[in-house]
Amino acid sequence: MQLTMSLNSFHQITEKQFIHLNLDVIKIKENTVLFSENSKLDYIFFLLNGELIIKINKHKLWSVNDKEFIGISSYFTDESNYTYTVEASKNSTIVKIQVNDFKKAIENSTELSNFIMNSLCERIKLTLKD
């Protein structure tokens, strides 16, 4: 299942907040682990295209599709480590955002904060349906 958000691209949501930063855009191949459960929470990621799988203890919880932030649930629960593993189920293109830059962006942008709240609510609805 895919989230249906009114803002449909990374640039629409974040251009004003991240334009001054040199964000890394990375490409990862299918079956590559982006980060592992209990590894240090250094980055928030945004999936531009592809598909990722969220796992806890090697059990698949859900799939992440285009235009979703990754790592925000660990961030918003004040964890210092990721609480799950993320692996690419397809070749994917991802934007890396340092946690401190992400924090500043959501503090300074109501639009970005609302997008994130909406995406978290949509994710909860989809998780409850599964």
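This one's a predicted model, so the numbers in the text were calculated from it and none came from an experiment.

1. Describing the pattern of salt bridges
Scanning the model with the defined rule gives two salt bridges in all. Linking D42 and K40 is a salt bridge whose minimum nitrogen-to-oxygen distance equals 3.6 Å. Taking the relative accessible area as the measure of exposure, D42 reaches 35% and is therefore partly exposed. For K40, a relative accessible area of 55% gives the class exposed. The salt bridge involving K55 is made with E87; its shortest N-O contact spans 3.0 Å.

2. Considering the pairing of strand β3 (residues 43-49)
Within β3, five of the seven residues are buried, leaving the element largely enclosed by the surrounding structure. Across six bridges, the pairing between β3 and strand β8 (residues 92-98) is antiparallel. The partner of F45 across the bridge, within β8, is K96.

3. Topic: helix α3 (residues 99-108)
Those residues of α3 lying buried are V99, D101, F102, A105 and I106. The buried residues of α3 all sit within an arc of 160° when viewed along its axis, so they share a single face. More than 90 degrees from the buried face of α3, the exposed residues found are N100, K104, E107 and N108.

4. Here we look at the environment of I56
The residue I56 is located in strand β4 (residues 52-56) in this model. C-alpha separation for the pair I56 and S36, spaced 20 residues apart in sequence, amounts to 9.2 Å.

5. Quick notes on the sheet that holds β8
The strand order across the open sheet formed by four strands is β1-β8-β3-β6, and the pairing between neighbours is antiparallel. Two strands bound the open sheet, and with one partner strand each, they are β1 (24-28) and β6 (68-70). Neighbour-to-neighbour, the strand axes of the sheet open up by a mean angle of 35°, direction not taken into account. Relative to β6, β3 runs antiparallel, the two sharing three bridges. Considered in β6, the bridge of F45 is made with I70. On the sheet, α3 packs against β3, β6 and β8 and is oriented at approximately 80° with respect to β8.

Parameters at a glance
Residues numbered from 1 in each chain as written. Predicted model: local features only at pLDDT ≥ 70, side-chain atom pairs only at ≥ 80, totals over all residues. Heavy atoms only, no water. Salt bridge = Lys/Arg side-chain N within 4 Å of Asp/Glu carboxyl O. Buried < 20%, exposed > 50% of the residue type's maximum accessible area, 1.4 Å probe, protein only. Helix = DSSP H or I, 4+ residues; strand = E, 2+ residues; numbered from the N terminus. Pairing = 2+ DSSP bridges. Arc of directions from axis to C-beta. Axes fitted to C-alpha atoms, helices over the stretch in contact; angles between N-to-C directions. Contact = heavy atoms within 4.5 Å.

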